[in-house]
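Fold and contact review
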Amino acid sequence: MDNIINMVRRKLFGVFRTTSCPTQNFLLRHYKTTGQCYEIGSKGPCGRNMIFYAESDNNQYGVCDCAHAHETRTLIYHQTTNQCYFVFQQGYCVFGQWLVINPRTKQPKCETNPCLKFTPISLLDTTVEYEGICVRLNSPCGEKKVVKFVSELLLPRCESSSASSKAIGSPVQSCKFGSAYAYNGRCVPVFVW
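An account of the accompanying structure is given in this report. (Residues numbered from 1 in each chain as written. Predicted model: local features only at pLDDT ≥ 70, side-chain atom pairs only at ≥ 80, totals over all residues. Heavy atoms only, no water.)

**Focus: the overall build of the chain**
- The secondary structure content of the chain amounts to two helices and 13 strands.
- In the chain, buried positions account for 38% of the 193 residues.
- Here the analysis covers contacts within the chain between residues at least 6 apart in sequence; of these, 37% occur between residues at least 24 apart. (Helix = DSSP H or I, 4+ residues; strand = E, 2+ residues; numbered from the N terminus. Buried < 20%, exposed > 50% of the residue type's maximum accessible area, 1.4 Å probe, protein only. Contact = heavy atoms within 4.5 Å.)

The structure is reproduced here in structure tokens:
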């Protein structure tokens, strides 16, 4: 019966077992908070828009952090909710505001969403501010170019409309702006606008 329960847990949550992780499976890491093993790259015990990463400095443990390896749009970790939120979306802000990065302090903040009065609510998650106007992501902005987020940059850019590449393989925690690692002072991210 325990084997069936563990198989169901693993399928649903990336959980393997409640004791130490088997050494022959390099995709499993121990999560200190729950005392269980989870597959690297799974949702595991992590919050919204987060995945379970291998700690970059330890081959036994894993951590929950923003799913930067799967997204080009900037994600910001919020300790109170233990979740990650996209910039230019409501996130943890009150209705009528969205999450942005303060260019002076380089910290996330909530501010009035200037696009709210021009954009249907159903399209707000795909609308961003670009060069002072509200546009939908993937809107044309030049010959064979669209407004989109580019990995490692915090703000949307006018870039080639060709598909962006995603990371392949097992994600290892790195120091990205907005990550839980950076928020908790475990690393200092490079800040690129």
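Once the structure has been displayed, the description carries forward.
**Remarks on the sheet that holds strand S13 (residues 157–160)**
- Strand order in the open sheet formed by three strands is S11-S12-S13, and the pairing between neighbours is antiparallel. In the strand order of this sheet, the two ends are held by strand S11 (140–142) and S13, each with one partner. Between one strand axis and the next, the sheet turns through 50 degrees on average, direction left out of account.
- Bridge count between S11 and strand S12 (residues 145–148): two bridges; the pairing is antiparallel. Counterpart to Pro 140 in the pairing with S12 is Val 146. (Pairing = 2+ DSSP bridges. Axes fitted to C-alpha atoms, helices over the stretch in contact; angles between N-to-C directions.)

**Section: the packing of aromatic side chains**
- Under the definition given, this model contains six aromatic pairs.
- Taken together, a centroid distance of 5.7 Å and an interplanar angle of 85 degrees make the contact between Tyr 31 and Phe 52 edge-to-face. Placement of the pair is Tyr 31 in strand S1 (residues 28–31) and Phe 52 in strand S3 (residues 50–54), with a sequence separation of 21 residues.
- Residue Phe 52 is classed as buried on the basis of its relative accessible area of 0%.
- The ring centre of Tyr 61 lies 4.5 Å from the NZ or CZ of Lys 32, which sits over that ring. (Phe/Tyr/Trp six-rings, centres within 6.5 Å; stacked < 30°, edge-to-face > 60°. Lys NZ or Arg CZ within 6 Å of the ring centre and 35° of its normal.)

**Section: the nonpolar core**
- Formed by 16 residues in total, the largest nonpolar core has its most connected members in Val 87, Phe 88, Val 128, Val 147 and Phe 149.
- Elements with a contribution of two residues or more to this core: strand S7 (97–101) and strand S9 (127–130).
- Broken down by element, this core gets its largest block of residues, four residues, from S7.
- Each residue touching Val 147, except ones within four places of it in the same chain, is listed here: Val 128, Tyr 130, Val 135, Arg 136, Leu 137, Asn 138, Ser 139, Cys 141, Pro 156 and Arg 157. (Core = buried A, V, L, I, M, F, W, Y, C linked by side-chain atoms within 4.5 Å.)

**Considering the side chain of Arg 73**
- Structurally, the position occupied by Arg 73 is in the loop between strand S4 (62–66) and strand S5 (75–78).
- In this structure Arg 73 is buried but unpaired, with Asp 125 as the nearest side chain of opposite charge at 6.7 Å.
- Engagement of the side chain of Arg 73 in a polar contact is seen with the backbone oxygen of Val 87, the distance being 3.1 Å. (Lys, Arg positive; Asp, Glu negative; His and termini not counted. Salt bridge = Lys/Arg side-chain N within 4 Å of Asp/Glu carboxyl O. Polar contact = N/O pair within 3.5 Å; in protein donor to acceptor, adjacent residues only side chain to side chain.)

**Some points on the state of the cysteines**
- Following the criterion strictly, the structure yields six disulfides and no others.
- Paired through a disulfide, Cys 93 and Cys 110 show a sulfur-sulfur distance of 2.1 Å. The disulfide joining Cys 93 to Cys 110 has a torsion of about -85 degrees about its S-S bond and is therefore left-handed. Highlighted residues: Cys 93 in the loop between strand S6 (83–86) and S7 and Cys 110 in strand S8 (residues 108–112), separated in sequence by 17 residues.
- Of the residues examined, Cys 93 reaches a relative accessible area of 5% and is grouped as buried.
- Here Cys 115 connects covalently by a disulfide to Cys 134, the sulfurs 2.0 Å from one another. Its torsion about the S-S bond being -90 degrees, the disulfide of Cys 115 and Cys 134 is classed as left-handed. Pair noted here: Cys 115 is in the loop between S8 and S9 and Cys 134 is in strand S10 (residues 133–136), with a separation of 19 residues, a long-range link.
- Exposure remark for Cys 134: the relative accessible area of 27% places this residue in the partly exposed category. (Disulfide = S-S within 2.5 Å.)

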